Amino acid sequence: MATPARTYAESHAASLADPAAFWAAQARQLPWFREPQETLSQDDNGFDRWFRGGKLNTCYLALDYHVENGRAAQAALIYDSPVTNTKACYSYAELLDLTARFAGGLRDLGVLPGDRVIIYMPNVPEAVVAMLACARLGAVHSVVFGGFAPHELAVRIDDARPHVIIAASGGLESDKVVAYKPLLDAAIAQADYKPAHTVIFQRPFAPAALQPGRDVDYEELLKAPAAECVPVRATDPLYILYTSGTTGKPKGVIRDNGGHAVAMRYSLAAVYGLEPGEVIFAASDIGWAVGHSYIVYAPLITGCTTVLFEGKPVRTPDAGTFWRVAAEYGVSVIFTAPTAIRAIRKEDPEGRLVRDYDLSRLRYLFLAGERCDSATYDWAASSLGVPVIDHWWQTESGWPMLATLIGLDEMSPPRAGSAGHPVPGYDVQILDEAGQPVPVGTPGLVAVKLPLPPGCLPTLWQDDARFRRGYLDTFPGYYLSGDGGYQDADGYFFIMGRVDDVINVAGHRLSTGEMEELLAAHPAVAECAVLGIACDLRGQRPVGLVVLKDGQMIGEEQLEQELVSLIRNMIGAVASFRNALIVKRLPKTRSGKILRKTLRHLADGEEFTVPSTIDDPLILDEIRERLHERGVGLAFSRE
Ligand code: COA
Ligand code: AMP
């Protein structure tokens, strides 16, 4: 038998030369109920599918398997919540017991394999139990980030049509109580589809009244007899995770059971270099892809210990909180967003708080979710004294596409500003507008040659046409990521940011297209543009430029207040939409397309050439003047 590839170059080459053979070998690491018959095949739509014929259960892999194989007493989940002053540790046996009983409770509420269950909760163990319980039953969970407003939740309810919604009664944002139950009730009232039940996890600081007949107490479900794992097909969906696209309708990214499990197991070892038994602290939210993959599924499927943190990188209680967690639980790998490091650095520029803790077990800091500036990268590396790995992925992929693979040999070291090299399974290429590879050093569109490896989205929830249109049609044979970037002469990739109407605000992916739709619906607004401008703390933040309808007399201050509340109420405070400026006109091409990129460069103070297609270059001067007057944009900020 051939020796399995160990070096990065061998692994990557092997994964592209014969994807089926490469992933079949990885799949053999997992305990299937029935081995797959076809490693890679195509469905009736011509979409690639992994591990057809295989049967498994993701909850079994994450819990039962470890309990049966010597890890029953090992810590599976550590909950650390400085906001509620709570710490708890759940062994694999304890987490299994809770999950099996909760699954029994869900089954008693009528949840069947394939049914959808929405989970609207902050980072609490009960949310992880809910996710795993759905997996146990073969039900499809859809976790909705707790920071989203009722409108966003309602849109997801109508799309996923969940039999049950599981929610917490509230969350704590630093010391501010966010009552989730009224938000949930408002969302259900707004949605056309009504779930049969809601399950409410009561939190003492936000007690919620339950509606008889519909609402059930979370604790009640735990009284049910344990449910066994339901074998599902490898291609059956494990979860739907909605992510922002270019319009108000989010994209329902599907993750299937088989490909996902293989990708999780592979990536935790190859990308993050973690062995079973080690501790990972992914400082994200279970509402995001990072939370799904690296708080919940990859660590548990691998037999690691995962830290679930409910708090902020700062103010809970200080900028040393991540280091305290890492020291207290012997964390080997921390994963967070550059924004979090920027927030910490702002409060502790010298990195003094790092020195208060014993971080001798910490081996790596991984960063993703947005572009990492060199200053942040260098600060993290020098303060922590461990390698910092910037790596690139998306909700759609579910796991890294570019990285420095510390679990493989002979890997080039990480470089500030670069997200590294293609992960085995991904043939990442930079293409021009015509779909042709560009020369080294030339910026272009970041695409991945098909097939995508296991774990990536096979399609969008009940919208094959949008999947094809949004990702596959532009360049046949490629998945289009929506990011721009380039590759240097040494093979390092650099991701420069989105080329569409998606922005990343403090690691939260949001749609400026959706914000424009909302602003445009205001009675005073004739047309508008929402730009994602550079922000020192959040990476990007949205700013609205608004043209009034003829005859409108509303003042800028009042309009701004109304538009700020509109976005807060419809999307959520996380959008950080704080500025709306009235402008006389918007710069457009002669064919009527708003020149958003040019406006962004203007606000950020970056050099740009005025596009030759602009209908009237003087508009840019008018807008520059407005940004200057208001002190909006890094180029004009008076802070
Ligand atoms: N539920 C309800 N509201 C939320 C929320 C949640 N889960 N998360 C954020 N918000 C609210 C905040 O309270 C704030 O409200 P305010 O405008 O009334 O003050 C608003 O949304 C903006 O939040 P945020 O951008 O998070 O600002 P912040 O000052 O509270 O914190 C950071 C700034 C940088 C510390 C924080 O954004 C952060 O930790 N970012 C990293 C995010 C991350 O890890 N993403 C995952 C990618 S891997
Ligand atoms: P999300 O789907 O929320 O994970 O967001 C994915 C988007 O975040 C990508 O399309 C990129 O625009 C951005 N992103 C993620 N990781 C990185 C990174 N390491 N460098 C630059 N941008 C990143």
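Residues numbered from 1 in each chain as written. Chains lettered and ligands numbered in written order. Predicted model: local features only at pLDDT ≥ 70, side-chain atom pairs only at ≥ 80, totals over all residues. Heavy atoms only, no water.

Per an unreviewed UniProt entry, the protein chain goes by the name Propionyl-CoA synthetase and belongs to Hymenobacter fastidiosus.

### What to know about the UniProt feature "domain: AMP-binding enzyme C-terminal" (unreviewed entry) in the protein chain
Here, UniProt's "domain: AMP-binding enzyme C-terminal" (unreviewed entry) annotation points to residues 514-593. What you have in residues 514-593 is 28% helix and 31% strand, and the ends, taken at the C-alpha atoms, are 17 Å apart. (UniProt positions renumbered as here; feature names shortened; annotations may be inferred. Helix = DSSP H or I, 4+ residues; strand = E, 2+ residues; numbered from the N terminus.)

### A word on the sheet that holds strand β4 (residues 75-81)
On the basis of which strands lie adjacent, the open sheet formed by seven strands has the order β5-β4-β17-β16-β18-β19-β20 and mixed pairing. The outermost strands of the open sheet, each flanked by one partner alone, are β5 (86-91) and β20 (388-390). Strand-to-strand twist across the sheet, computed as the mean angle between neighbouring axes with direction ignored, equals 20°. Contacts between helix α11 (residues 321-328) and the sheet are confined to β4, β5, β16 (279-282), β17 (305-309) and β18 (333-336), with β17 contributing the most and set at about 150° to the helix. Lying on the sheet, helix α13 (residues 374-384) is in contact with β19 (364-367) and β20; it crosses β20 at an angle near 155°. (Pairing = 2+ DSSP bridges. Axes fitted to C-alpha atoms, helices over the stretch in contact; angles between N-to-C directions. Contact = heavy atoms within 4.5 Å.)

### Describing the side chain of N504
Position of N504 among the secondary structure elements: in strand β27 (residues 502-505). Excluding residues that lie within four positions of it along the chain, N504 makes contacts with G369, E370, R509, R538 and Q540.

### Here we look at the site of ligand 2
Surrounding ligand 2, one finds 14 residues, the nearest of these being D390, H391, T395, D483 and R509. Between an oxygen atom of ligand 2 and a side-chain N or O atom of R498, the distance comes to 2.8 Å. Relative to its unbound accessible area of 490 Å², ligand 2 is 94% covered by the protein chains. When grouped by side-chain class, the residues that make up the shell around ligand 2 number three nonpolar, five polar and six charged. (Near = heavy atom within 4 Å. Polar contact = N/O pair within 3.5 Å; in protein donor to acceptor, adjacent residues only side chain to side chain. Areas by Shrake-Rupley, 256 points an atom, 1.4 Å probe, with all protein chains shown as cover. Nonpolar A, V, L, I, M, F, W, Y, C, P; charged D, E, K, R; others polar.)

### Focus: the pattern of salt bridges
All told, the structure shown has 33 salt bridges when counted by the stated rule. Close ionic contact of E38 with R52 constitutes a salt bridge, the shortest N to O distance being 3.6 Å. In this pair, E38 is assigned in strand β1 (residues 38-42) and R52 in strand β2 (residues 48-52), connecting sequence segments 14 residues apart. On the basis of relative accessible area, E38 is assigned to the partly exposed category, the value being 39%. Taking the shortest distance from any N to any O, the salt bridge between D616 and R585 comes out at 2.8 Å. With a gap of 31 residues between them, D616 in the loop between α17 (596-604) and α18 (618-630) and R585 in the loop between β31 (579-582) and α17 connect regions that are remote in the sequence. (Salt bridge = Lys/Arg side-chain N within 4 Å of Asp/Glu carboxyl O. Buried < 20%, exposed > 50% of the residue type's maximum accessible area, 1.4 Å probe, protein only.)

### Points about the UniProt feature "domain: Acetyl-coenzyme A synthetase N-terminal" (unreviewed entry) in the protein chain
Those places that UniProt annotates as "domain: Acetyl-coenzyme A synthetase N-terminal" (unreviewed entry) correspond, in this numbering, to residues 8-61. Counted over residues 8-61, helix gives 43% and strand 22%. Its end C-alpha atoms are 27 Å apart.

### A few points about the site of ligand 1
Near ligand 1 you find 25 residues, and of these E173, K176, K312, R538 and R568 are the closest. Contact distances for ligand 1 include 3.0 Å between an oxygen atom and a side-chain N or O atom of K176. Between an oxygen atom of ligand 1 and a side-chain N or O atom of K312, the distance comes to 2.9 Å. Bound to the protein, ligand 1 loses 85% of the 940 Å² it would expose on its own. When residues of the shell around ligand 1 are traced back to their parent elements, those giving at least two are β10 (176-179) and α12 (338-347). In the shell around ligand 1, the residues fall into eleven nonpolar, seven polar and seven charged. Of the domains in this structure, domain 1 (8-311 + 391-479) and domain 2 (507-637) are the two that each give at least three residues to the shell around ligand 1. (Domains from an automatic or database assignment.)

### Looking at the side chain of R214
When you line up the elements, R214 lands in the loop between β11 (197-201) and β12 (215-217). A polar contact of 2.7 Å, which involves the side chain of R214, links it to the side chain of D215. Setting aside its immediate chain neighbours within four residues, R214 contacts K181, D185, I188, A196, H197 and T198.

### Some details on the pairing of β2
Here β1 pairs with β2 via four bridges, running antiparallel. Paired with Q42 across the bridge in β2 is D48.

### Quick word on the sheet that holds strand β25 (residues 478-487)
A sheet is described by the order of its strands in space; here four strands give the open sequence β23-β24-β25-β26, paired in antiparallel fashion. Because the sheet does not close on itself, it has two edges, and the strands there are β23 (427-431) and β26 (493-498). Pairwise comparison of adjacent strand axes, ignoring direction, gives a mean angle of 50° for this sheet. Strand direction decides the pairing type here: β25 and β26, joined by five bridges, are antiparallel. The residue bridging D483 from the neighbouring strand is R498, located in β26.

### Regarding the pairing of strand β7 (residues 140-143)
In β7, alternate side chains face the same way, and those of V140 and S142 on one face and H141 and V143 on the other are all buried. Alignment of strand β6 (residues 116-120) against β7, held across four bridges, turns out to be parallel. Residue pairing across strands places I118 opposite S142, the latter belonging to β7. Since β6 and β7 lie parallel, the crossover through helix α5 (residues 125-137) that links them has a hand, and here it is right-handed. (Right-handed = clockwise from strand over helix to strand, strands pointing away.)

### Some words on the domain arrangement of the protein chain
By the assigned domains, the protein chain splits into domain 1 (8-311 + 391-479) and domain 2 (507-637). Here domain 1 and domain 2 have C-alpha centroids that lie 34 Å from each other. At the junction of the two partners, domain 1 supplies 17 residues and domain 2 supplies 14 residues. On the domain 1 side of the interface with domain 2, the three residues burying the most area are H151, S244 and W288, jointly 34% of the side's total. Between the two partners, domain 1 and domain 2, sit one salt bridge. R509 serves as the salt-bridge partner of E396, at 2.9 Å between the closest nitrogen and oxygen. In this structure, the connection of domain 1 to domain 2 is made through six residue pairs in polar contact (both at pLDDT 80 or more). If you tally residues by element for the side of domain 1 that touches domain 2, the top one is helix α6 (residues 150-160), at three residues. (Buried area = accessible area lost by both parts, 1.4 Å probe.)

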